[in-house]
Amino acid sequence: MIHRRRPPGTAPGTLVVDPSAERTAVHVIAYGEADYVEAEIESPDELDPFLEGWPVVWVNVVGLADAGLLEELGRRFEIHRLALEDVFNVHQRAKVEPFDHQLFIVARMVHPGGRSETEQVSFFVGAGYVLTFQERPGDSFDLVRARIRSGRGRIRRSPTGYLAYALLDALIDAYFPVLEGYGERLEALESEVMARPEASIVQRMHAVKRELLVMRRAMWPHREAINQLFRDDSSFIDDETRLHLRDCYDHVIQLIDIIETYRELASGLLDAYLSSVSNRMNEIMKILTIFAAIFIPLTFIAGLYGMNFAYMPELQWKWAYPVVLTVMTGVSVVMLLFFRRLGWVGRWRRQERKD
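The shown structure was predicted, so the numbers you read here are calculated from the model rather than taken from an experiment.

**Some details on the side chain of Ser-140**
With respect to the secondary-structure elements, Ser-140 resides in the loop between strand E7 (129-134) and helix H4 (142-150). On the basis of relative accessible area, Ser-140 is assigned to the buried category, the value being 17%. In this view, Ser-140 contacts Met-109, Val-110, Ala-170, Leu-171 and Ala-174; residues no more than four positions away in its chain are not counted.

As structure tokens, then:
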């Protein structure tokens, strides 16, 4: 559930800090084709040597508790007040907003631990820098950091637009292993539904459906945002990077297809559970009906000769009791053979096991 901390009617651009926000930390990686450097900083003034001496600077802010520090960064990078407000209001959908001197991107990052919660990551892409804001420690960018440190690939030879693409691509690809986990959970639920449908399975299926809905809400807006990135004529995204963004867009489409497939599978599992429970109930009712049908004539015979009227035949006969039991047994056998011929018992059961 989304809880807005800003009262209705508050002036645009008002920054409201979440009391539960994580402590703010700022990590900087600056690099060129030949070398790189990284450091933790306490003040935006410490950024000057990086911005002046390196072709590309990645400033990663983790935690949104220090509003003063974030406002200083906003002034240092000339971030529009409304965009900075969106950084604090962490319930934004994925989007792209171009400004005169920078590109503002919002994306939803899945939690690295595999939970269904997502967090907002805000990107500001400008000339020579990429500024990112995360809600809490832990992200999907470790491989990007490793590529910068090792110099593998073309990342250290490319401008800031390629760094923004690499971060977005890592953020999107992090959804795949999480969704693989949902696929395994659905397979396990399917096996349980077929083997032993229990009431607890319904709660777990509903939990999976709710979590997939969270994934769907997070992923769908990325389709429009990344499509806008590689189609718009932005000076921060070169032609080579646009080709890579098209591949990132394909990954988004794949993820959306997987999410929709899993949601349909979860709904189908619920129908299968209800059908399985209904079939089991029908089987129980059939068995009870067969027993009742067999005992109806037996009850009639026992009730008829249990009336003990004075002139009823065979009441004093020596062999009356075993004859009546034999007749009752014969009636039961005949009825069972009749049910077998109809396929209610015997052959039906063998066919069910064969299926």
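Picking up where we left off.
**Things to note about the nonpolar core**
Core analysis: the largest hydrophobic core is formed by 63 residues, its most contacted members being Phe-123, Phe-141, Leu-163 and Leu-171. Looking at which element gives the most residues to this core, the answer is helix H8 (residues 239-305), with 12 residues. Every residue in contact with Leu-171, bar those within four places of it in the chain, is listed here: Ala-107, Arg-108, Met-109, Val-121, Phe-123, Ser-140, Phe-141 and His-222.

**Considerations on the sheet that holds strand E2 (residues 36-41)**
Judged by pairing direction, the sheet is mixed, and its 7 strands sit side by side in the order E2-E1-E3-E7-E6-E5-E4 without closing on themselves. Across the chains shown, the open sheet's two edge strands, defined by having one partner strand only, are E2 and strand E4 (95-98). In this sheet, neighbouring strand axes are inclined to one another by 15° on average, regardless of whether the strands run parallel or antiparallel. Summarising the sheet, E4 and strand E5 (residues 102-110) pair through 4 bridges and their orientation is antiparallel. Within E5, the residue paired with Val-96 across the bridge is Ile-105.

**Digging into the packing of aromatic side chains**
Applying the stated criterion across every chain yields a total of 6 aromatic pairs. Centroid distance Trp-58 to Phe-141: 6.1 Å. Interplanar angle 75°. Geometry classified as edge-to-face. Of this pair, Trp-58 sits in strand E3 (residues 56-62) while Phe-141 sits in the loop between E7 and H4; the two residues are 83 residues apart in sequence, bridging distant segments of the chain. A single burial state applies to Trp-58 and to Phe-141, both of which are buried. An aromatic cluster is defined as three or more aromatic residues linked by ring pairs; in this entry it consists of Phe-104, Phe-124 and Phe-133. Taking NZ or CZ as reference, Arg-154 lies 4.4 Å from the ring centre of Tyr-162, over its face.

**Describing the side chain of Ser-122**
Looking at the element boundaries, Ser-122 is found in strand E6 (residues 118-126). Polar contacts involving the side chain of Ser-122 include one to the side chain of Gln-120, which spans 3.2 Å. Here Ser-122 is in contact with Val-87, Phe-104, Ile-105, Val-106, Leu-131, Thr-132 and Phe-133, once residues within four sequence places are set aside.

**What to know about unusual backbone geometry**
One non-glycine residue, Glu-78, lies in positive phi territory at about 55°. Its place among the elements puts Glu-78 in the loop between helix H2 (67-76) and helix H3 (81-88).

**Some details on a nonpolar patch on the surface**
Taken together, the side chains of Met-281, Ile-284, Met-285 and Leu-288 make up a nonpolar region of the molecular surface, amounting to roughly 390 Å² of accessible area. Structurally, Ile-284 can be placed in helix H8. Owing to a relative accessible area of 43%, Ile-284 belongs among the partly exposed residues under this scheme.

**A word on the confidence of the model for the protein chain**
When the pLDDT values of the protein chain are averaged, the result is 85; 92% of them are 70 or greater. Confidence drops under pLDDT 50 across residues 348-355; counting only partners more than four residues distant or on other chains, this segment forms 5 contacts.

**A word on the environment of Asp-232**
With respect to the helices and strands, Asp-232 occurs in the loop between helix H7 (199-231) and H8. Separated by 134 residues in sequence, Asp-232 and Pro-98 place their C-alpha atoms 9.5 Å apart.

**Examining the environment of Gly-128**
Within the secondary structure, Gly-128 is located in the loop between E6 and E7. For the pair Gly-128 and Leu-189, spaced 61 residues apart in the sequence, the C-alpha separation amounts to 50 Å. Those residues within four positions of Gly-128 in sequence are excluded, and the remaining contacts are Pro-55, Val-56, Val-57 and Thr-160.

Criteria and cut-off values
Residues numbered from 1 in each chain as written. Predicted model: local features only at pLDDT ≥ 70, side-chain atom pairs only at ≥ 80, totals over all residues. Heavy atoms only, no water. Helix = DSSP H or I, 4+ residues; strand = E, 2+ residues; numbered from the N terminus. Buried < 20%, exposed > 50% of the residue type's maximum accessible area, 1.4 Å probe, protein only. Contact = heavy atoms within 4.5 Å. Core = buried A, V, L, I, M, F, W, Y, C linked by side-chain atoms within 4.5 Å. Pairing = 2+ DSSP bridges. Axes fitted to C-alpha atoms, helices over the stretch in contact; angles between N-to-C directions. Phe/Tyr/Trp six-rings, centres within 6.5 Å; stacked < 30°, edge-to-face > 60°. Lys NZ or Arg CZ within 6 Å of the ring centre and 35° of its normal. Polar contact = N/O pair within 3.5 Å; in protein donor to acceptor, adjacent residues only side chain to side chain. Patch = residues over 30% accessible without salt bridge, like charges linked within 9 Å, V, L, I, M, F, W, Y side chains within 5 Å. Areas by Shrake-Rupley, 256 points an atom, 1.4 Å probe, with all protein chains shown as cover. Salt bridge = Lys/Arg side-chain N within 4 Å of Asp/Glu carboxyl O. pLDDT = per-residue confidence, 0-100.

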